[in-house]
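Secondary and tertiary structure notes
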Amino acid sequence: MRTTVGIIGGGPAGLLLARLLHRTGIDCVVLESRTRSYVEQRQRAGMLEQGTVDALRECGAAGRLDAEGLIHQGIELRFDRERHHIDFPWLTGGRTVTIYAQTEIVKDLVALQLAEGPPLLFGAEALAIEKPESGSPVVRFLHEGREQTLSCDYVVGCEGSHGVAAEAFPAEVGRIYAHEYPYSWLGILADVPPSCEELIYARGPGGFALHSMRSPSVSRLYLQVPNGSDVRDWPDERIWDALDARFAIDGDWRLARGPITSKSVTRMRSSVHEPMRYGRLFLAGDAAHIVPPTGAKGLNLAVSDVRVLARGFAELHRTGSTELLDRYSELCLARVWQATRFSYDMTRMLHAQPDGDAFEHRMQLARLRRITASRPAAAELAANYTGLPLAL
Ligand code: RFL
Ligand code: PHB
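Residues numbered from 1 in each chain as written. Chains lettered and ligands numbered in written order. Predicted model: local features only at pLDDT ≥ 70, side-chain atom pairs only at ≥ 80, totals over all residues. Heavy atoms only, no water.

What to know about the pairing of strand β10 (residues 138-143)
Note: strand β9 (residues 124-130) against β10, 6 bridges, orientation antiparallel. Within the sheet, the bridge partner assigned to Glu125 lies in β10 and is Leu142. Pairing of β10 with strand β11 (residues 146-157) involves 6 bridges; the strand directions are antiparallel. Across the sheet, the residue bridging to Leu142 is Glu147, located in β11. The hairpin formed by β10 and β11 contains 2 residues between the paired strands, and Glu144 there has a positive phi angle of roughly 50°. (Pairing = 2+ DSSP bridges. Helix = DSSP H or I, 4+ residues; strand = E, 2+ residues; numbered from the N terminus.)

Written out as structure tokens, the structure is:
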């Protein structure tokens, strides 16, 4: 098999890149190791920046998003039994965010790609990338029980964390900056209407909790738990009791309970792979960087990476110039480090330290008070949360 751009991974990054390339007449092939139903069911992100919504619209994949996405004007911060609204349009000159599940974006993109192309192979696991530094890199992959090769002009690794693409960087070229956090998130989906109109980020007794949603009848909630926690130690009652305690405020507000349909534990980490390009090989999305979910940046960063890349390939196709492709790593990393900083700060501000450090807790409350008392401090949070501009 031969193509211009070989894309490894059919998550949001790989699927959106394929769509953007296809629309500019550049041929590509997507190799996805898992099955269609697996990638369409994997529960993950839900908060989309305006730039992410724009990118999906630009490539004709936003029909359902426009009909079903929930537009949010802000978030709520809770601490010390108080609630505070952070008003995004007021603080940012009119910006909002949209709640639409990653599972639905993936379903929309998969359906379009299977109907209109380019080729998308499920059950196709990339094993290695050969000659990434040369003019004709080759992806070795396993499909239908036999090893095959895909010869490309360029390869883009969109295969999420711990991928084969980063492994193809020589040790002296690639460097990973990483940080582990001493806590995890227990995430649940529940068949109950959300008890809020906006997302609630709470620093309550015992730690962090987040109330998000998937639709008017499905809630998505997260709870800080110790690293190594097992969902079997968290029966439904224990989860609802902990959520109740962390969201508690003075005044009447109640968290509605309902049947929990899914539970999972996610570790929190930050990592950035520098550079994001080696020869004819590019990394995009989680393959290049991981952020803890507190700032809701992972999916949005994956989308901004592939927007830069798609523009670079379009410029090459149209004019023969590699100028934009040559600046890919530098352009993306500037935004990636800002999102990494924001996610780190949000995470540190809202989670209890496992050792219960009282000084650290006071620092967190002072930061939260500053944000809720000062317009410039709140505006800084709002600008980062709604998404910093793409430097293009
Ligand atoms: P993905 O989604 O991991 O997709 C990678 C795909 O590559 C496939 N693959 C391979 N295919 C072929 N050959 C191989 N060797 C392969 N190895 C892997 C995999 O099967 C998979 O289909 O990466 P991508 O496309 O870069 O997208 C990144 C996002 O998924 C991720 O950043 C977000 O989900 C992070 N995230 C959030 N981001 C947001 O912007 N807003 C949020 O509100 C948000 N909430 C979250 C999140 C992530 C979470 N978890 C579980 C980590 C909430 C949670 C709990
Ligand atoms: C989600 O809806 O899954 C979600 C929203 C905001 C976050 C993280 C996750 O910060």
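Brief notes about the sheet that holds strand β3 (residues 47-48)
Pairing within the open sheet is antiparallel, and its 3 strands lie in the order β3-β7-β4. Of all the strands in the sheet, the pair left with one neighbour each is β3 and β4 (70-72). Pairing geometry for β3 and strand β7 (residues 97-99), over 2 bridges, is antiparallel. Within β7, the position partnered with Leu48 by the bridge is Thr98.

Quick word on the environment of Phe313
Its location among the elements puts Phe313 in helix α9 (residues 298-319). When its relative accessible area of 3% is taken as the criterion, Phe313 is described as buried. Measuring from C-alpha to C-alpha, the distance between Phe313 and Ala366 comes to 47 Å, with 53 residues separating the pair along the chain. Setting aside anything within four residues of it in sequence, one finds Phe313 in contact with Val5, Leu21, Ile26, Tyr154, Val156, Phe282 and Leu325. (Buried < 20%, exposed > 50% of the residue type's maximum accessible area, 1.4 Å probe, protein only. Contact = heavy atoms within 4.5 Å.)

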